[in-house]
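# A closer look at the structure
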Amino acid sequence: MVRSAIKLFLLLLSLGYMMLWFMMPTKLYFEHWLPKIRAKTKSIYFGQQGSTMLICTFPILFIATLGCIYLHLGKKHGDHNVEGRVPTSKLKQPVMVKGPLGIVSWMELSFLTMFVVLLAWSTTSYLNGMFTHIDQMASRSGLLVWEAKLEMSGLTLGLVGNICLAFLFFPVTRGSSVLRLFGLSSEASIKYHIWVGHIAMTIFTAHGLCYFVFWAKTEQLSQVLKWGKIEVSNMAGEIGFVCGLGMWATSLPQIRRKMFELFYYTHHLYILFIVFFVFHVGFSYACIVLPGFYLFLIDRCLRFLQSQQRVSLVAARILPCQTVELNFCKSPEVNHSPTSIIFVNVPAISKLQWHPFTITSNSNMDTDKLSIVVKSEGRWSSDLYQKLSSPLPMDGFQVSIEGPYGPPASTHLLRHDTLVLLSGGSGITPFISIIRELLFKASSGSSTRIPHVLLICAFKKSIDLAMLELILPVSGTTVDISCLQLQIEAYVTREKGADENNHKTLQTVCFKPNAIDAPVSAILGPNSWLCLGLIISSSFLMFLLLIAILSRYHNSNMVYASSATAGFNMLFMCIAIAMTANATFLWNKKQNRKRLRQIRNMDTPPVWFNNGDRELESLPYQSLLQATNVHYGERPDLKKILFERKESSVGVIASGPREMRQEVAAICSSGLADNLQFKSISFTW
């Protein structure tokens, strides 16, 4: 009942907040609502920015805090493990496959359409209000009517662009309670960040061009260098715009895919972009876009704290196909869903580079272990493979991680009669965790019906077939894969037959734990959602307190320029977030101290690696061979495979190259296979 009440309240609050965005451009809001709100909230402690924070900032932070309580209650009652054979909405099926937006479902297209309608409505409403008395305005300013309209059009575009900026940071907040409330994960929401970013920069470019043309025509080019003490600071806006152009240019697909590091490092200009945006418009108006960035800063601070810890790398399994499986110790309270990811940093290779990898272990089957698979496909992964496969002895291997992050549930794996998993190359890694999840449920004697699993995997060479062995849990696990209805159809596309030289087996390299290594643990402990809610609420209260002190001092002793006030407020925001996040982190670290001492006292690797390499005659290995059918010199006929399914409910999950996922999406959206449900999973950055 408590969760239902919270959910209803959150729904009403969210609808009210969305209605506010539609009302902001109207005359009713500016001439009636806003003056009344400012009159009632006027205070010497917060000034004009107090009303803006109350209207635009407080509701989202309150939703995020209350959402943390809602998610904690759900986790406490085990709602994240609840799965059922419920019908899948048609809204989640793809409607667009190829094009600049990528694979888009009906639901995503609906929300995108509503967002575009909001932008169009705001544009027309602002222009209608500004053009009502444009003749009198132009006459008083000594301008031609078209010049006044050009200036007002530039102002309108700036106001509309700020709407995009308000939603820009929500999709990239990895540990966001707001995303989780909507059933989204950050890695699945990256494309929304891309869409909003392109729209925002297009509008801001038009905003800047309007003003440059206006200044040139009215002989006011000196306005380019204006840094107003109270009014809008043009120069600050131009600096922020240049930073935005740099991020925008390097984020184009043609550049991002070929020069990812250039894109990655250039994207850190977002710090300067936001700072100079606040200087440009003033902190009071910047409160409109503050909520998303505020939650992003909290998440970024927590990620930084987690990344400073070395994690305990216990062992690595080396495959002959230039692939390595890394196995870490983890705390039992760390639970992750299938297809979750972690970000990995290896200082011995690069202190700056972080790479995302799918978690292949299962939190139910492997309570004290977390595994990822890394295939040598680039310079970083190749260097990692060479270091681990080197014959030189290694006492330890320093690794840091961020995460895990992933979907809010196990993607409802049990709601279909058959689960078709389509992968290409290293795209098989998300399916390892899915198969292990189903294997755990099948071997645990659960009364729930386990779907038949068909794994279609395509590899370039026969040596890559060794990746299929990673489906089996490591040595020491007694679960037999034969209890799962698993059928594997493996396709080797560039070879006509098996290579007789590919008889190398898995090799295991064990590492002695270092005294400063720690197990993979949740950054905020078992009660992560409650701690996150505490950080959001307490940091915001501290932020308000610091602002109140500054405003009181401002009114009694000194007069600050608007840019100086904005700078102080941004500094206070960072201080409040850093202090509360660090305090919570240190408290959680103190609570885990006993567990950390137990891990440090380990002299040998866990039992799951004591048996060394896998025995090829073992029952699990033989069961895997019997379930596998290898096809050489051909590619899978995806349309034939999908349309041959006779079951009443078929779930299709695709992971791998973009072209393959687009082909699957086109098949599932063609209307010829109404019983197929498509879900795209791609963890390739």
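If you're wondering where the values come from, they're calculated on a predicted model, not measured in any experiment.

### Some remarks on the overall build of the chain
Summing up its helical and strand segments, the chain has 22 helices and 15 strands in all. Going through the 685 residues of the chain one by one, you find that 52% of them count as buried. Within the chain, contacts between residues separated by at least 24 positions form 79% of all contacts whose residues are at least 6 apart in sequence. When the accessible surface of the chain is totalled, it reaches about 32300 Å², and 61% of it is carbon and sulfur.

### A word on the environment of S462
The topology assignment puts S462 in the loop between β10 (452–459) and β11 (486–492). The class for S462 is buried, based on a relative accessible area of 8%. Between the C-alpha atoms of S462 and A490, which are 28 residues apart in sequence, the distance is 9.6 Å. At 2.7 Å, the side chain of S462 and the side chain of E495 are in polar contact.

### Here's the deal with the pairing of strand β4 (residues 323–329)
Of all seven residues in β4, seven are buried; the element is thus mostly enclosed. Burial of β4 is two-sided: the residues T323, E325, N327 and C329 facing one way and the residues V324, L326 and F328 facing the other way are all buried. Across six bridges, the pairing between strand β3 (residues 313–319) and β4 is antiparallel. Note that in β4 the partner of R317 across the bridge is E325. Between β3 and the antiparallel strand that follows it, β4, lie three residues; Q322 among them carries a positive phi value of about 60°. Here β4 runs beside strand β7 (residues 369–375); their pairing, made up of seven bridges, is antiparallel. The partner of C329 across the bridge, within β7, is K369.

### Quick word on the state of the cysteines
Enumeration according to the criterion identifies zero disulfides in this entry. No disulfide involves C56; its nearest neighbouring cysteine sulfur is the one of C287, lying 7.9 Å away. This cysteine, C301, is not joined by any disulfide, and C574 carries the nearest cysteine sulfur, 9.3 Å off.

### A closer look at helix α15 (residues 379–388)
Helical geometry note: an α-helix holds 3.6 residues per turn, so side chains three or four residues apart project in the same direction. Turning to α15, its buried residues number three or more, namely W380, S381, L384, Y385 and L388. Considered in projection along α15, the buried side chains sweep an arc of 135° and stay on one side of the axis. Packed against the buried residues of α15 are β3, β4, β5 (341–345), β6 (355–358), β7 and β12 (507–510).

### Quick notes on the sheet that holds β6
Strand order in this open sheet of three strands is β6-β5-β8, and the pairing throughout is antiparallel. Each edge of the open sheet is held by one strand with a lone partner, namely β6 and β8 (400–405). Pairs of neighbouring strands in the sheet enclose a mean axial angle of 25°, with direction left out of account. Two elements, β5 and β8, share four bridges in a ladder whose sense is antiparallel. Residue pairing in the sheet places N345 in a bridge with S400 of β8.

### Overview of the confidence of the model for the chain
Here the chain averages 82 in pLDDT, while 84% of its residues score no lower than 70. Helix α9 (residues 234–250) holds the highest mean pLDDT among the elements of the chain, 94, whereas strand β15 (residues 676–680) holds the lowest, 48. The model gives residues 80–87 a pLDDT under 50, and that stretch makes 18 contacts with residues more than four places away or in other chains. Considering only residues more than four positions removed or in separate chains, one finds that residues 672–685, a stretch of pLDDT under 50, has 60 contacts.

What counts, and at which threshold
Residues numbered from 1 in each chain as written. Predicted model: local features only at pLDDT ≥ 70, side-chain atom pairs only at ≥ 80, totals over all residues. Heavy atoms only, no water. Helix = DSSP H or I, 4+ residues; strand = E, 2+ residues; numbered from the N terminus. Buried < 20%, exposed > 50% of the residue type's maximum accessible area, 1.4 Å probe, protein only. Contact = heavy atoms within 4.5 Å. Areas by Shrake-Rupley, 256 points an atom, 1.4 Å probe, with all protein chains shown as cover. Polar contact = N/O pair within 3.5 Å; in protein donor to acceptor, adjacent residues only side chain to side chain. Pairing = 2+ DSSP bridges. Disulfide = S-S within 2.5 Å. Arc of directions from axis to C-beta. Axes fitted to C-alpha atoms, helices over the stretch in contact; angles between N-to-C directions. pLDDT = per-residue confidence, 0-100.

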